[in-house]
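Listed below are the residues making up each chain.
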Amino acid sequence: METVTGTVTHDPPPGAGGRQGGPLIVTEDTELLDDLLRLCAAAGATPEVHHGVPERRGSWEAAPLVLVGDDAARRVRGAVRRRGVVLVGRDQDDSGVWRRAVEIGAEHVLMLPDGEQWLVDRIADVAEGVGRPALTVGVIGGRGGAGASTLACALAVTSAREGLRTFLVDADPLGGGLDVLLGGETAEGLRWPAFASSRGRVGGGALEESLPELHALRVLSWDRGDRIAVPPQAVRAVLAAARRRGGTVVVDLPRRIDDGVAEVLTQLDVGVLVVPAELRAVAAAGRVASAVGMVLRDLRVAVRGPYPPGLDDREVARLLGLPLVGEVPAEPGLSRPDDAPAPPGAAPRGPLARFCKKFWERALVEAGAA
């Protein structure tokens, strides 16, 4: 779908990161205004409407997004230059629109109706206060029983304990459910099957509020029903919504790569391949790494002991040709009675929590989010 006819830059407006409110609309074209009001309503935003540059001091500069009708371009020509200005029109054949866009410092030129979905998404972004997207980490086992789900949970629990907004996403429908591992299988909230019909954009705030909250983080897991897959477009929409909320997103990945998992891989910043220190496990992990590496650029290995003679974490990383995250320590307290559940990484001074804290410290610095 052709949504934007031209782009000057695509930076977020200043101040993004907290809830920003609706855009500023500048137009006297009643038909265009009706369209823009309809699109704002679809995005869940309430705009401020003016015929020219607002007289109220600071209103033009403070708006998170400014939508200037092509009819109003001359009236805003002298306004202070700022980010987040979109010139909106309808005439696809009007070559003069580019000159007018440059005159008002517009970042985008958008034509309706072709650009409606793009504009709804952009309005919703500023209404949600979208800033830096979440640092998104996928964890996958090099073979069955490698401990990927345990590490994924521990990473999420540690992230939440450090005060970051955290989503834990269970992308393995055959894994038994991460909510079970966290002791929250009966917690109220939606599971994956509820999002199977999702298309287009999913609101980040609505997603967060709809999911079970366990150990200060939000969990998207599977229920105990028969559905074992959701369409790739639903996976794309839901994960994108989680990432727009900022903080961190941790995804527990299956070893089989289907269309839905491929959608997840395209949105990951870092992948962690968990590999037991066994030659057969290393051989199996090599095949997994080959498949994952076709989509994900940054794949690293975390090794679990104990080690046989002649094999250690560095040697496993060398054999796989992947950067080494480190050795995943055993967590003695994970074996406990069912009536006293505690998630992996729950003990702040435990070896697994310390490993995860160091991982996040490095990853956040590398991502420039620290």
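Just above, that's the structure.
Residues numbered from 1 in each chain as written. Predicted model: local features only at pLDDT ≥ 70, side-chain atom pairs only at ≥ 80, totals over all residues. Heavy atoms only, no water.

Q: Is there a simple way to explain the pairing of strand E7 (residues 135-141) in this structure?
A: Two faces, one strand: in a regular strand the side chains alternate between the faces of the sheet. Counting buried positions over the 7 residues of E7 gives 7, a clear majority of the element. The alternating pattern of E7 places Leu135, Val137, Val139 and Gly141 and Thr136, Gly138 and Ile140 on opposite faces, both of which are buried. Looking at chain direction, E7 and strand E11 (residues 248-253) are connected through 6 bridges and run parallel. The residue of E11 that forms the bridge with leucine 135 is threonine 248. (Buried < 20%, exposed > 50% of the residue type's maximum accessible area, 1.4 Å probe, protein only. Helix = DSSP H or I, 4+ residues; strand = E, 2+ residues; numbered from the N terminus. Pairing = 2+ DSSP bridges.)

Q: Whenever I open this one, the pattern of salt bridges confuses me. Can you help?
A: Where charged atoms from two side chains of opposite charge come close, those side chains can pair. Inspection of the entire model under this criterion finds 23 salt bridges. The partner of glutamate 263 in a salt bridge is arginine 236, with the nearest N and O atoms 2.8 Å apart. With glutamate 263 in helix H9 (residues 259-267) and arginine 236 in helix H8 (residues 232-244), this residue pair connects regions lying 27 residues apart in the sequence. Judged by its relative accessible area of 16%, glutamate 263 falls in the buried class. For the salt bridge of aspartate 269 with arginine 243, the shortest nitrogen-to-oxygen distance reads 3.8 Å. Taken together, the residues aspartate 269 in the loop between H9 and strand E12 (270-276) and arginine 243 in helix H8 connect sequence positions 26 residues apart. The class for arginine 243 is buried, based on a relative accessible area of 17%. Taken together, the salt bridges that share partners define one network made up of Asp29, Asp35, Arg38, Arg90 and Glu116. (Salt bridge = Lys/Arg side-chain N within 4 Å of Asp/Glu carboxyl O.)

Q: Help me understand the sheet that holds strand E14 (residues 324-328), please; the structure alone is not making it clear to me.
A: Strands belonging to one sheet form pairs held by backbone hydrogen bonds; the direction of such a pair is parallel or antiparallel. The strand order E9-E10-E8-E11-E7-E12-E13-E14 describes an open sheet built from 8 strands, whose pairing is mixed. Only two strands of the sheet have a single neighbouring strand rather than two, namely strand E9 (213-214) and E14. Helix-sheet contacts for H8 involve E7, strand E8 (166-170), strand E10 (217-220) and E11, and the interaxial angle to E11 is about 150°. (Contact = heavy atoms within 4.5 Å. Axes fitted to C-alpha atoms, helices over the stretch in contact; angles between N-to-C directions.)

Q: Can you help me understand the nonpolar core in this one?
A: Looking at soluble globular proteins, one finds that nonpolar side chains tend to be buried together. Within the largest apolar cluster, 45 residues are counted, with the highest numbers of intra-cluster contacts made by Trp192, Leu207, Val251, Leu253, Leu273, Val275 and Leu320. Put simply, the parts of the chain that give this core at least two residues each are E8, H8, E11, H9, E12, helix H10 (279-292), strand E13 (299-304) and helix H11 (313-320). Excluding its chain neighbours within four sequence positions, the residues that come into contact with valine 275 are Gly142, Ala281, Val282, Ala285, Val301, Ala302, Val303, Arg304, Val316 and Leu320. (Core = buried A, V, L, I, M, F, W, Y, C linked by side-chain atoms within 4.5 Å.)

Q: Please explain the side chain of threonine 136 as it appears in this structure.
A: You can see threonine 136 is positioned in strand E7. For threonine 136, a relative accessible area of 0% puts it in the buried group.

Q: Which parts of the structure should I look at to understand unusual backbone geometry?
A: Across residues other than glycine, the phi torsion is negative in most instances, and most of the peptide bonds are trans. Note that the residue after leucine 112, namely proline 113, is joined by a cis bond; omega there is 5°. Structurally, the position occupied by proline 113 is in the loop between strand E6 (108-111) and helix H4 (116-128). Backbone torsion omega between glycine 305 and proline 306 reads 5°, so that peptide bond is classified as cis. Within the element layout of this structure, proline 306 appears in the loop between E13 and H11. For histidine 215, which is not glycine, the phi torsion reads 55° and is therefore positive. Position of histidine 215 relative to the elements: it lies in the loop between E9 and E10. Residue classification places histidine 215 among the partly exposed positions, given a relative accessible area of 36%. Residue alanine 216 is not a glycine yet carries a positive backbone phi of 70°. Along the chain, alanine 216 falls in the loop between E9 and E10.

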